[in-house]
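# Report on the structure
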Amino acid sequence: MLRFFKILSILEGILLLGLLVITMPLKYYYDNPVPNQWLGMAHGILFIAYVILAFMVGRKLKWSVKSLLIVLVCSVIPFGTFWMDAKYIEPELR
């Protein structure tokens, strides 16, 4: 489950960056909303899975409420999931 959460968090982070850097400019500067719709839907699905898995992994690893909140907030901050992976998941996999 931990490896799956690691992969999911990295994919979620990549999609968030893709939304912000690629599809939002396409939508607002070039009037092309289609890539934003597709990437936005994929990001939304991965975000929901990330939150559910964060609770499951947090329970398994006995995270404090503070740690769980940090992990959840990292999902909405650009590059946050990459930092979270290095701080909370990678040490557990070693």
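Details of the structure are given in the entry above.
Let me begin by describing the structure that accompanies this report. From a predicted model like this one, the values you see are computed outputs, not experimental measurements.

Spanning 28 residues, helix α1 (residues 2-29) covers 39 Å between terminal C-alpha atoms, matching the ideal 40 Å at 1.5 Å per step. Of all the bends in α1, the greatest reaches close to 40 degrees and is centred on T23; the proline P25 follows between one and four positions later. Downstream of α1 by one or two residues, D31 has phi in the positive range, about 55 degrees.

Quick look at helix α3 (residues 65-74) now. Among all positions in α3, only S67, L68, V71, L72 and C74 are buried. Along the axis of α3, the buried residues cluster in a sector spanning 160 degrees; they form a single face. Along α3, exposed side chains directed more than 90 degrees from the buried face belong to V65 and K66. Residues of α3 that are buried sit in contact with α1, α2 (34-61) and α4 (80-93).

With that settled, the discussion passes to the packing of α1 against α2. Where α1 meets α2, the axes come as close as 8 Å, and the angle between the chain directions of the two elements is 150 degrees. Of the possible angle classes, the one that applies to α1 and α2 is roughly antiparallel. Handedness of the crossing formed by α1 with α2: left-handed. In terms of residue class, the contact of α1 with α2 is built from 21 nonpolar, 6 polar and 2 charged.

Here the focus is the pattern of salt bridges. Side chains that differ in charge, positive against negative, can pair when their charged atoms come close. The tally for this structure, following the rule as stated, stands at 2 salt bridges. In this structure, D85 and K6 form a salt bridge, with 2.8 Å as the shortest nitrogen-oxygen distance. Placement of the pair is D85 in helix α4 and K6 in helix α1, with a sequence separation of 79 residues. For the pair formed by D85 and K6, the shared burial category is buried. Among the salt bridges present, the one from K6 reaches E90, with a minimum N-O distance of 2.6 Å. Of the two residues, K6 sits in helix α1 while E90 sits in helix α4, which places them 84 residues apart along the sequence. Salt bridges sharing partners connect three or more residues here, namely K6, D85 and E90.

How each quantity is defined
Residues numbered from 1 in each chain as written. Predicted model: local features only at pLDDT ≥ 70, side-chain atom pairs only at ≥ 80, totals over all residues. Heavy atoms only, no water. Helix = DSSP H or I, 4+ residues; strand = E, 2+ residues; numbered from the N terminus. Expected span 1.5 Å × (residues − 1). Bend = angle between axes of the 7 residues up to and from the residue. Buried < 20%, exposed > 50% of the residue type's maximum accessible area, 1.4 Å probe, protein only. Arc of directions from axis to C-beta. Contact = heavy atoms within 4.5 Å. Axes fitted to C-alpha atoms, helices over the stretch in contact; angles between N-to-C directions. Parallel < 35°, antiparallel > 145°, perpendicular 65-115°, else oblique. Left-handed = near helix turned anticlockwise from the far one by under 90°. Nonpolar A, V, L, I, M, F, W, Y, C, P; charged D, E, K, R; others polar. Salt bridge = Lys/Arg side-chain N within 4 Å of Asp/Glu carboxyl O.

So yeah, pure geometry; function would need other evidence.
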